[in-house]
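# Understanding the architecture of this molecule
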Amino acid sequence: MRVLELLDRLIAFPTVSSDSNLALVDWAQAQLAGAGFEVTRVPSSCGEKAGLIARRGGEGGLVLSAHTDVVPASGQAWTRDPFALAREGDRLFGRGTTDMKGFVACCLALAEELPESAGPLAIVLSWDEEVGCRGIPQMMPAMRELLPDPALCVVGEPTSLVMATGHKGKAAYRATCRGEAGHSAMAPRFRNALHVACDLVAAVRAEQARLMAEGAQDPGYDVPCSTLHVGTLHGGTALNIVPDRAEVAFEIRHLASETPEAILPRVMAGLENVELEQTIAYPGLDTDPEQPALARLRGLAEGTGKVSYGTEAGYFAAAGIPTVVWGPGDMAQGHQPDEFIELSQLVDCMEALRRLVA
């Protein structure tokens, strides 16, 4: 299968988010140009990464979107080379096979065999999705210019070919809590930065309880409300020194019907000596599954639903494009040692894509 040849090449590029993806982009650009696509390269602000917007045909049509970066394999108990495709029966092993180079391989194979009678098609490849969807916002201005009126955008994250019409948005924060250094024997005379941090953690927990009881609810998710989570808390240097600085990292994963701008003030109300920095933010997705633009894919998909993880789909939807998440593989295998995708998922994905563009 041509898909397997392409996937083999894709897996061999170690495009961990902390590293450059330019070698993969160079190769993919040549593949798409050779297939007759007009390809525009969008460089990152740092110049070490890039994305591609490839199009064939006129305006409108279908957009297939994927990211090129993968999570690290170091520190995981792999039993094989993570950056060399390996097949065992129906399983294809390698970092990114599921998330989400399997879908990229399908897109490139589709581009090569696209019949002249097919409607307009665009393929968008981004960078740094795994570290907070940082690439696609930089690509959106070029997207709006080059693809002014798409009929449908499919973000090919692994959904086991179920058409997902929603996911929560996310905003992450770094809170620096300020105190006053002093000898612990005189502790009551100094402001303890860790105490300030604990007040913040308590406020996060209180807001989570409020959202569970009174916030918006969506039964399409395993956890039906917006959520808050404290990931790290660091502070202090020694037991006999009152800490003058502590750092708390926390996040809000919000339903599309709620916003972090509405939730955050309740968390921060009454807190003093806390400096807040937003480190990550991406929008949620809430597409009407009955939209006419989704009818053909709905008929090809293995059902409909929502996903618990975030994607770049919210950016396309915010631009007014009917958008869904639909792709081969199961996210349960993503980010894991010995990540794999089943060959049957790629076969079914290719068949559905052929019918979608026919």
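Predicted model only: the values in this text are computed from it and were never measured.

### Regarding the nonpolar core
- Counting residues in each nonpolar core, the largest one holds 57 residues, and the members touching the most others are L32, F37, L64, F103 and W326.
- A total of ten residues in this core trace back to one element, the largest contributor, which is helix α3 (residues 97–113).
- Counting residues in each nonpolar core, the second largest holds 28 residues, with V42, A172, I280 and Y315 among its members.

### Structural notes on the side chain of E157
- You can see E157 is positioned in the loop between β7 (152–155) and β8 (163–164).
- Here E157 is buried and forms no salt bridge, its nearest opposite-charge partner R253 lying at an N-O distance of 11 Å.
- Aside from chain neighbours lying at most four places away, what touches E157 is H67, D99, M100, E129, Y309, T311, V325, W326, G327 and M331.

### Things to note about unusual backbone geometry
- Geometrically, the link from D99 to M100 is a cis peptide bond, its omega value of -10° lying close to zero.
- Positionally, M100 belongs in helix α3.
- Although it is not a glycine, L161 adopts a positive phi angle of roughly 65°.
- Topologically, L161 is positioned in the loop between β7 and β8.
- Residue classification places L161 among the buried residues on the basis of a relative accessible area of 4%.

### A few points about the packing of helix α1 (residues 2–12) against helix α2 (residues 22–34)
- Running from N to C, α1 and α2 cross one another at 155°; their axes reach a closest spacing of 11 Å. One element, α1, and the other, α2, form an angle in the roughly antiparallel class. Taking contact as the criterion, the partners of R2, L6, R9 and L10 in α1 are, on α2, L24, W27 and Q31.
- Split by residue class, the contact of α1 with α2 holds four nonpolar, one polar and two charged.

### With respect to the sheet that holds strand β12 (residues 227–235)
- Pairing within the open sheet is antiparallel, and its four strands lie in the order β12-β14-β10-β15. Edge positions in the sheet fall to β12 and β15 (274–282), since each has one partner strand and no second. With direction set aside, neighbouring strand axes in the sheet form an average angle of 15°.
- The pairing of strand β10 (residues 169–178) with β15 spans eight bridges and is classified as antiparallel. From the neighbouring strand, T176 faces β15, where its bridge partner is E275.
- Where helix α5 (residues 193–214) meets the sheet, it contacts β10, β12, β14 (245–254) and β15, and its direction lies at approximately 170° from that of β12.
- Taken strand by strand, helix α6 (residues 260–268) contacts β10, β12, β14 and β15, and its axis lies near 145° from that of β14.

### What about the sheet that holds strand β19 (residues 340–342)?
- The antiparallel open sheet is built from three strands, whose spatial order is β4-β5-β19. Strand pairing shows two members of the sheet lacking a second neighbour, β4 (86–88) and β19, which therefore form its edges. Sheet twist, expressed as the average angle between the axes of neighbouring strands with direction ignored, equals 25°.
- Both β4 and strand β5 (residues 91–93) contribute to a ladder of three bridges, which runs antiparallel. For A86, the partnering residue across the bridge sits in β5 and is F93.
- Its contacts with the sheet put helix α9 (residues 343–357) on β4, β5 and β19, and the angle it makes with β19 is roughly 60°.

### What to know about the packing of aromatic side chains
- Inspection of the entire model under this criterion finds three aromatic pairs.
- Measuring from ring centre to ring centre gives 5.9 Å for F13 and W27, while their planes differ by 45°; the resulting arrangement is tilted. With a gap of 14 residues between them, F13 in the loop between α1 and α2 and W27 in helix α2 connect regions that are remote in the sequence. Here the two residues F13 and W27 agree in accessibility, since each one is buried.
- Aromatic pair F93 and F340: ring centres 5.6 Å apart, planes at 50°, arrangement tilted. Here F93 is found in strand β5, whereas its partner F340 is found in strand β19, with 247 residues between them in sequence.

### Here's the deal with the environment of R80
- Residue placement: R80 occurs in the loop between β3 (62–67) and β4.
- The spacing of R80 and P337 is 257 residues in sequence and 9.3 Å in space, taken between C-alpha atoms.
- If we skip the residues at most four places from it in the chain, R80 touches A86, E88, F93 and D338.
- In terms of polar contacts, R80 uses its side chain to reach the side chain of T79, at 3.1 Å.
- Looking at R80, its side chain comes within polar contact range of the side chain of D338, at 3.3 Å.

About the thresholds
- Residues numbered from 1 in each chain as written.
- Predicted model: local features only at pLDDT ≥ 70, side-chain atom pairs only at ≥ 80, totals over all residues.
- Heavy atoms only, no water.
- Core = buried A, V, L, I, M, F, W, Y, C linked by side-chain atoms within 4.5 Å.
- Buried < 20%, exposed > 50% of the residue type's maximum accessible area, 1.4 Å probe, protein only.
- Helix = DSSP H or I, 4+ residues; strand = E, 2+ residues; numbered from the N terminus.
- Lys, Arg positive; Asp, Glu negative; His and termini not counted.
- Salt bridge = Lys/Arg side-chain N within 4 Å of Asp/Glu carboxyl O.
- Contact = heavy atoms within 4.5 Å.
- Axes fitted to C-alpha atoms, helices over the stretch in contact; angles between N-to-C directions.
- Parallel < 35°, antiparallel > 145°, perpendicular 65-115°, else oblique.
- Nonpolar A, V, L, I, M, F, W, Y, C, P; charged D, E, K, R; others polar.
- Pairing = 2+ DSSP bridges.
- Phe/Tyr/Trp six-rings, centres within 6.5 Å; stacked < 30°, edge-to-face > 60°.
- Polar contact = N/O pair within 3.5 Å; in protein donor to acceptor, adjacent residues only side chain to side chain.

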